[in-house]
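What follows is the residue order along each chain.
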Amino acid sequence: MTKIKFPSAYTILMILTVLMAVLTWVIPAGQYQMETNETLGRMVPLVGTYQTVDSNPQGFVDILMAPIQGFYDPSSYAARAVDVALFVLVIGGFLAVVTQTGAIDAGIAGTMKRLAGREKWMIPILMGLFALGGTVYGMAEETIPFYALLIPVMIAAGYDSIVGVAIIMVGAGIGCLGSTINPFATVIASNAAEINFMEGFALRAIILVLGWVACVIYVMRYAEKVKRNPELSIVANQRESNLNHFLHSKQQETPELTNTRKAVLAIFGLTFAVMMWGVSVAGWWMAELSALFIGSSILVGFVGRMSEVEITDSFVNGARDLLGVALIIAIARGLVVVMDNGNITHTILHYAEGLLGGLNDVAFINAIYWVEAVMCLVVPSSSGLAVLSMPVLAPLADFAGVGRELVVTAYQSASGLPNLVTPTSGVVMGGLAIGRVAYSSWLRFIGPLLGILTAMVMVLLSIGVMMG
């Protein structure tokens, strides 16, 4: 029997594009009256002004043109998603150059070496490092090499493979859930919502810190329980097998944290600090940020003593790795273009207004959170979901009297949760496979934590609304 595979993000978005084109033949065309909001500095729809307009149904050619129009407007050559897509490619190149120096691997390996014999404290420290990677640049696939490095250490310390998997997967996952400046989620969502991505930073930082604390306590309690009584391990039946597999296998050589690699890590952190300053103080946006990361890539290459060929090859290969993300951004934006050209975006907004319009502000933001949580199961790409949902959901905040930054935070928090459990994620399933943890066993472990994080996020979103 042929196994049915879940479609890719590209296929899902193209299917949704076709669906939206079909809906332009069915859903009545309509528009709101727009006016300039001086406080927000942008055009916003006026509540109660929706009216029907002439329909403009989208056909086959419009569907094929949608991804192209997602990048830019062919008639006016105005940029749509091309600047964000280019920024994503540059970020990919920058991360690849840093990775090529071995600085990130050496940083974690050096931390582990210094804590030898005190492995308990490796849990909060390493989860903090992985959370930092998640919140800064959406660390996900980059975590895969660390499973083979960390799990043997945890098993040798008297824990089990789930502890090793959780340190990495939950650590990076809570960072993505509490993304502060993640360019692949927070920046893209804020851009689609037409706000500066530094808006809402404080609340997202609180979610990140409190979420990290909750996750660390949860993992440490489980680790201590397993160390006291190995029979309480969720994977207790694999104990002997895991000891043989992880501790008797060939140990990987870890890179040394040299002064050169320390300098590279310093440049890595400084680059993101400069990015935050540039956006919040100097008025930088995608073009300036792309130039910043290109310059930092060159600097890292020189400091890391890489040759010209190594720098350029690493940068190009890194950009190539994220080409799919750039295409997803364009395809998702093209979907919105089909909706806009078919004059149904405001109609859908009108329907959503009717559905959510009767809710008070606290109920509204929590309803947005659950809408995003359901949608992210259909659109597994965080960047694709951001561009798809924000243009429709963010304006609803104007009707409800809720800041758009709270809608972005609700999206961010909701899209981060399934990254810890979704079986369609290569990162989740790959990490579990390396750790020899069955998916059902992982659900037993992670289930209560997901409930804790969901309740925490809903409370914080509600407080954010009440504080204005």
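Notes on the structure in this doc start here. All figures in this text were calculated on a predicted structure; none of them were measured in a lab.

How each quantity is defined
Sequence order sets the numbering: in each chain, residues are counted from 1 along the sequence as written. Reporting of local features is limited, given that this is a predicted model, to residues whose pLDDT is at least 70; pairs of side-chain atoms are given and counted only at 80 or more, and all residues count toward the totals for whole chains, interfaces and linings. Only hydrogens and water are removed before side-chain values are computed, so all heavy atoms of the structure are retained for them. Comment: elements are numbered from the N terminus, with helices defined as DSSP H or I runs of at least four residues and strands as E runs of at least two. It only takes one pair of heavy atoms within 4.5 Å for two residues to be counted as in contact. Only buried residues count toward a nonpolar core. Its members are Ala, Val, Leu, Ile, Met, Phe, Trp, Tyr and Cys residues joined through side-chain atoms within 4.5 Å. Per-residue accessibility, obtained with a 1.4 Å probe over protein chains only, is compared with the maximum for each type, and a residue is labelled buried under 20%, exposed over 50%, and partly exposed between these values. Ring pairs shown here join Phe, Tyr and Trp side chains whose ring centres sit within 6.5 Å, with only the six-membered ring taken for Trp; geometry is labelled stacked below 30 degrees between planes, edge-to-face above 60, and tilted in between.

## Structural notes on the environment of Gly-342
In this structure, Gly-342 sits in the loop between α14 (323-341) and α15 (345-356). Each C-alpha atom of the pair Gly-342 and Leu-23 lies 8.7 Å from the other, and the pair is 319 residues apart in sequence. With residues up to four places along the chain from it excluded, the contact list for Gly-342 reads Thr-24, Ala-29, Asn-56 and Gln-58.

## A short note on the nonpolar core
Core analysis: the biggest nonpolar cluster contains 141 residues, and Trp-442 and Phe-445 have the highest contact counts within it. Among all residues touching Trp-442, those that are not within four sequence positions of it are Ile-162, Val-165, Ala-166, Met-169, Val-170, Leu-420, Val-421, Leu-432 and Val-437.

## Let's talk about the packing of aromatic side chains
In the structure shown here, the tally under the stated rule is 13 aromatic pairs. A centroid spacing of 5.3 Å and a plane angle of 65° characterise the contact between Phe-268 and Phe-272, whose relative ring orientation is edge-to-face. Of this pair, Phe-268 and Phe-272 both sit in helix α11 (residues 259-280), four residues apart, which is roughly one turn of that helix. Across the pair, Phe-272 and Phe-268 agree in class, each one buried. Here a set of aromatic residues connected by ring pairs shows up, and it is made of Phe-87, Phe-94, Phe-268, Phe-272 and Phe-293.

## Here we look at the environment of Val-219
Inspection of the secondary structure puts Val-219 in helix α9 (residues 201-228). C-alpha of Val-219 to C-alpha of Leu-449: the two residues are 230 residues apart in sequence and 9.3 Å apart in space. When neighbours within four sequence positions are excluded, Val-219 is seen to be in contact with Ile-123, Met-127, Val-163, Ala-166 and Phe-445.

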